Amino acid sequence: MERLSSLARFKASCPFLGGTKSSTIRHLSTSSSPRFPSLSQLTERATGCPIMGPALALRSNQIVSGYASVAGQADVQQIHHKNGIFPDAVPSESDIQKCPHAAAARAAARMADDLAAAGTHKPAQAKEAHGSVAQQAAASGCPFHKAAVSAPAVKDTAKAPEAAAPEGTFGYGNFFSAELDKKRKDQSYRYFNNINRLAAKFPVAHTADVKKEVQVWCANDYLGMGTNPVVLETMHRAMNKYGAGAGGTRNIAGNSAMHLALENELASLHRKESALVFSSCYVANDATLSTLGSKLPGCVYFSDASNHASMIQGIRHSGAKKVIFKHNDLEDLENKLKQWPVDTPKIIAFESVYSMCGSVGPIEAICDLAKKYGALTFLDEVHAVGLYGPRGAGVAEHLDFEAQQKAGQATSPVKGSIMDRIDIISGTLGKAYGNVGGYVAGSADFIDMIRSYAPGFIFTTSLPPAVVAGARASVIYQKHHVGDRALKQVNVNTVKERFAAKDIPVIPNPSHIVPVLVGDAALAKEASDKLLVDHGIYVQAINYPTVAVGEERLRFTVTPRHTQEQIDGVVQAVDQVFTELNIKRTSDWVREGGRANVGMGMDDVTPIWSQEQINVAGVPRTLKGTEQTVVNIAAVREARADFEELLGKVKPDEDMVAASLVDGALELAAQALPRRPLIPTNVLDHIKPASVAEVSVAA
């Protein structure tokens, strides 16, 4: 803060400081330059200033020279001895680090070299042309100082210097460094922001600075179930009873009643015979597809070109033949299917919602082709479970919304429905359900085969009991409450419409994904940084290889917990950043012929959720101001009831995550609420749970 106060004094005289927000200056001054680690990003920028550039170089040289002169004084010997180092010894790296002024001199010299390099924007050439500033300022009075400035600088003092590979051996360190350089040069290097989501303030998080809060607009906790009170309550109760870890693999001490109950719940969700839980859906897809393809004799996979990396890896690991068909192209798929005999084992692997573009797979038509050509269907519903369908089973359920709704919570399939026609469904517990883990659902024999043969299931520690309990509570809650996913769709539609009104290029799609096209990797990263630093909005840039080069984007995810004010703010901020960075808008893409379906006359897309289906939830309304999100009492009751056998009834004196469910419900009922009695998320049962039944609830 002192540095910021000092910089603020020069705002009137410096055009850059005067025209830059304090939050941006704070970020630049506290963030290291990726190219010159000893400099802050602010200092790196300053080297390009005709005033500050020469001043920085001069001052840096003065500092280095100052260390050199100090090193020549007689009393430094006493300092050496006090630190256990002696001038007549051969200087070592550890001695240099022990010597206070030698270590400081090295740091100052490194900064001087980086300043010189930053000024030329060519690190290697700068050193060749000017020589090392450290060497020019080497002191004669301190052998450790001489060693410090003559030895190669260590980029990170917390990391041991890379030893040169013995002659004739492979240079592993150089290889790793070169691979990273490739990523940085092609703009595909991944930067990981320090984002800490706050349970009490969802969708707000704090950054590395716990006092700095930002809005999260790209998390996959699509419904905020990671902070749902009945989920947290159940996890606390399970942890208190069963402890932290599972204790082993599913086959060795890690196969608990909690795990079996979750698998039964997931099988019921998809109306399948059985289900199997994995540590993540990446593992679920990889283990299932690799095992299935390796076991089926002569198996051929038909894989959508836009499939997730986990599916690609699973197919690759299976060793089976792979045929890739164009994304969502039924004609291309059929042309490739017909090239193989009908009796050849075939699997069509595809997704319901493709998370980076928001497109939706033609599920029913693919089922028709599978039947015609004798293939199994493997449907990844990872970005759809919890979000679509009357019970949250995904797009396959949603496509028969009325029939599935009529079937209620029955475990038997709706015969002839699209979900019934899918052979294998994979899903996640880590997105809409707000927890962690993945699963597959299908026939009993299929699941048993995967359980018996898949290394990714057999040889890994089971998920902790508290985790599977929380996941199951989330699934149960969403099976009995459509309101969250309906309100999410309302907010998604609003954001898409507001972006379109500002000429901001949203890649058209019928799902909940809001991908905003940027079309340049560096610009996408800069836009993401600018939104975070200037506006407190966190949305991750999506670059190659996740998306094609030239189709880089910002991927927004809108939740039912984003308020009207937050939506207003993000629209305004994105509009401003697009203007400041001169990012192409929809009208610009139209003039250029379009890209990634933007500006190509493909904007007329019908959302998966119809208005009639949304209204099943009772006409959901976007939250405003400090309004709290709501919890469905009946869904809470269902979740609690299903855990009574293992965890017992919720006791009124238990220290729950939230309190006063009944108090809150009665208060809201007294205010003559609409037909859905709903309660704020910060209240749960603090009185007798039996009293919950006294409040009537419409699903």
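How each quantity is defined
Residues numbered from 1 in each chain as written. Predicted model: local features only at pLDDT ≥ 70, side-chain atom pairs only at ≥ 80, totals over all residues. Heavy atoms only, no water. Helix = DSSP H or I, 4+ residues; strand = E, 2+ residues; numbered from the N terminus. Buried < 20%, exposed > 50% of the residue type's maximum accessible area, 1.4 Å probe, protein only. Contact = heavy atoms within 4.5 Å. Areas by Shrake-Rupley, 256 points an atom, 1.4 Å probe, with all protein chains shown as cover. Phe/Tyr/Trp six-rings, centres within 6.5 Å; stacked < 30°, edge-to-face > 60°. Lys NZ or Arg CZ within 6 Å of the ring centre and 35° of its normal. Pairing = 2+ DSSP bridges. Axes fitted to C-alpha atoms, helices over the stretch in contact; angles between N-to-C directions. pLDDT = per-residue confidence, 0-100. Core = buried A, V, L, I, M, F, W, Y, C linked by side-chain atoms within 4.5 Å. Expected span 1.5 Å × (residues − 1). Salt bridge = Lys/Arg side-chain N within 4 Å of Asp/Glu carboxyl O. Polar contact = N/O pair within 3.5 Å; in protein donor to acceptor, adjacent residues only side chain to side chain. Lys, Arg positive; Asp, Glu negative; His and termini not counted. Parallel < 35°, antiparallel > 145°, perpendicular 65-115°, else oblique. Nonpolar A, V, L, I, M, F, W, Y, C, P; charged D, E, K, R; others polar.

J.: In this structure, what is going on with the overall build of the protein chain? I would like to understand it.
T.: Per the secondary structure count, the protein chain includes 32 helices and 16 strands. In the protein chain, buried positions account for 49% of the 699 residues. Once local pairs closer than 6 in sequence are excluded, the contacts in the protein chain between residues at least 24 apart make up 70%. For the protein chain, the exposed area adds up to about 32,200 Å²; of that, 54% sits on carbon and sulfur atoms.

J.: In this structure, what is going on with the packing of aromatic side chains? I would like to understand it.
T.: How two aromatic rings sit relative to each other is set out by the distance from centre to centre and by the angle between their planes. What the rule picks out here adds up to seven aromatic pairs. Here Phe175 and Phe176 contribute two aromatic rings whose centre-to-centre distance is 6.0 Å and whose plane-to-plane angle is 65°, an arrangement assigned as edge-to-face. Measuring from centroid to centroid gives 5.7 Å for Phe278 and Phe457, while their planes differ by 75°, and the two rings are edge-to-face. In this pair, Phe278 is assigned in strand S4 (residues 274-278) and Phe457 in helix H23 (residues 455-458), connecting sequence segments 179 residues apart. The class for Phe278 is buried, based on a relative accessible area of 2%. Put simply, the rings of Phe170, Tyr172, Phe175 and Phe176 touch in pairs and so form one group of aromatic residues. Above the plane of the ring of Tyr189 lies Arg184, whose end atom (NZ or CZ) is 4.5 Å from the centre. One cation-aromatic arrangement involves Lys525 over Tyr191; the distance from NZ or CZ to the ring centre is 4.5 Å.

J.: Quick question: what am I supposed to make of the sheet that holds strand S11 (residues 513-517) here?
T.: Backbone hydrogen bonds are what pair the strands of a sheet, in a parallel or an antiparallel way. If you trace the three strands from one edge of the open sheet to the other, you get S11-S14-S13, paired in antiparallel fashion. A single partner strand is all that each edge strand has here, and the edge strands are S11 and strand S13 (541-542). As defined by bridge partners, S13 adjoins strand S14 (residues 553-557) across two bridges and the pair is classed as antiparallel. Among the inter-strand pairings, Ala541 is bridged to a residue of S14, identified as Leu554. Strands S13 and S14 of the sheet are contacted by helix H26 (residues 521-535), whose axis makes an angle of about 45° with S14.

J.: I keep staring at the sheet that holds strand S8 (residues 375-380) and nothing clicks. Help me out?
T.: Pairing within the open sheet is mixed, and its seven strands lie in the order S4-S10-S9-S8-S7-S5-S6. On the outer flanks of this sheet lie S4 and strand S6 (321-325), each paired with one strand and no other. Each adjacent strand pair in this sheet contributes to an overall mean axis angle of 20°, direction not counted. Looking at chain direction, strand S5 (residues 300-304) and S6 are connected through five bridges and run parallel. Within S6, the residue paired with Ser303 across the bridge is Ile324.

J.: Would you take a moment to explain the confidence of the model for the protein chain for this structure?
T.: Reading fine detail from the predicted coordinates is not recommended where pLDDT is low. On average, the protein chain scores 84 in pLDDT, and the residues at 70 or more come to 77%. Contacts of residues 151-158 to residues separated by more than four positions or lying in other chains number nine contacts, the stretch itself having pLDDT below 50.

J.: It is not clear to me how the nonpolar core should be interpreted in this structure. Could you clarify?
T.: Generally speaking, soluble globular proteins have nonpolar side chains that are buried together. Grouped together as the largest cluster of nonpolar side chains are 74 residues, with contacts concentrated most on Leu266 and Ile348. Here this core gets eight residues from one element, more than from any other, and that element is helix H24 (residues 465-479). Other than its neighbours up to four places away in sequence, Leu266 contacts Ala275, Val277, Leu429, Tyr439 and Val475. By size, the runner-up hydrophobic cluster in this structure holds 34 residues, among which are Val216, Cys218, Ile537 and Tyr538.

J.: Would you mind going over unusual backbone geometry with me for this structure?
T.: Trans is the prevailing form of peptide bonds, just as negative phi is the prevailing case for residues other than glycine. For the peptide bond that leads from Phe202 to Pro203, omega is 10°, which places it in the cis range. With respect to the helices and strands, Pro203 occurs in the loop between strand S1 (196-197) and strand S2 (204-206). Here the bond from Tyr544 into Pro545 is cis, since omega is 10°, no more than 30 degrees from zero. Within the secondary structure, Pro545 is located in the loop between S13 and S14. In this model, Asn328 sits at a positive phi of 55°, which is unusual for a non-glycine residue. In this structure, Asn328 sits in the loop between S6 and helix H17 (330-337).

J.: Can you help me understand helix H27 (residues 564-580) in this one?
T.: Owing to its 3.6 residues per turn, the α-helix brings residues three or four apart onto one side. Look at H27: 24 Å from first C-alpha to last across 17 residues, which is about the 24 Å you get at 1.5 Å a residue. For H27, the set of buried residues is Gln566, Ile567, Val570, Val571, Ala573, Val574, Asp575, Val577 and Phe578. One or two residues past the end of H27 sits Asn582, with phi positive at roughly 55°.

J.: So what exactly am I meant to see when it comes to the pattern of salt bridges here?
T.: For side chains bearing opposite charge, pairing can occur when the charged atoms are close. Counted by the stated rule, this structure contains 22 salt bridges. Glu551 is the partner of Arg553 in a salt bridge, and the nearest nitrogen-oxygen pair spans 3.4 Å. Taking the relative accessible area as the measure of exposure, Arg553 reaches 4% and is therefore buried. Its relative accessible area of 26% is what places Glu551 among the partly exposed residues. Note that Asp575 is salt-bridged to Arg585, the shortest N-O span being 2.8 Å. One end of the pair, Asp575, is in helix H27; the other, Arg585, is in the loop between H27 and helix H28 (586-591), with ten residues separating them in the sequence. The pair formed by Asp575 and Arg585 is uniform in burial state, with each residue classed as buried.

J.: I keep staring at helix H15 (residues 281-295) and nothing clicks. Help me out?
T.: When the terminal C-alpha atoms of H15 are compared, their 21 Å separation across 15 residues agrees well with the 21 Å that a helix rising 1.5 Å per residue should span. Of all the positions in H15, only Cys281, Ala284, Asn285, Asp286, Ala287, Thr288, Leu289, Ser290, Thr291, Leu292 and Gly293 are classed as buried. The residue sitting at the N-terminus of H15 and contributing the capping side-chain oxygen is Ser280; that oxygen lies 3.4 Å from the backbone nitrogen of Tyr282.

J.: Even after reading the chapter, I still don't get the pairing of S5, so can you show me in this structure?
T.: On any regular strand, side chains alternate: one points to one face of the sheet, the next to the other face. With five of five residues buried, S5 is to be regarded as a mostly interior element. Here S5 shows a buried face lined by Val300, Phe302 and Asp304 and a second buried face lined by Tyr301 and Ser303.

J.: Sorry, what's going on with the side chain of Asp380 here?
T.: Relative to the helices and strands, Asp380 is located in strand S8. Despite its burial, Asp380 pairs with no opposite charge, the nearest such side chain being Lys431 at 8.0 Å. Residue contacts for Asp380: discarding those within four places in its chain leaves Asn285, Met311, Phe350, Glu351, Ser352 and Ser426.

J.: Would you mind showing me how to read the environment of Glu580 here?
T.: Summarising the element assignment, Glu580 is placed in helix H27. Exposure remark for Glu580: the relative accessible area of 40% places this residue in the partly exposed category. Residues Glu580 and Lys530 lie 50 residues apart in sequence; the distance between their C-alpha atoms is 9.7 Å. Of note is the side chain of Glu580, whose polar atom sits 2.9 Å from the side chain of Gln576.

J.: What exactly am I supposed to notice about the packing of H17 against helix H18 (residues 363-373) here?
T.: Geometrically, a packed helix pair is captured by the angle between its two axes and the distance between the axes. One way to put it is that H17 packs onto H18 with a least axis distance of 11 Å and a crossing angle of 10°. In this view, H17 runs roughly parallel relative to H18, as classed from their interaxial angle. In this structure, H17 uses Leu330, Leu333, Glu334 and Leu337 to contact H18, whose residues at the interface are Ala365, Ile366, Leu369, Lys372 and Tyr373. Looking at the contact of H17 with H18 residue by residue, the classes come out as seven nonpolar, no polar and two charged.

J.: Got a minute to help me understand the environment of Phe499 in this structure?
T.: By the secondary structure assignment, Phe499 is in helix H25 (residues 483-501). By relative accessible area, Phe499 is classed as buried at 0%. Sequence separation between Phe499 and Asp575 is 76 residues, and the spatial gap between their C-alpha atoms is 8.1 Å. What Phe499 contacts, discounting residues up to four positions off in sequence, is Ile504, Val506, Val514, Val516, Phe556, Val570, Val571 and Val574.

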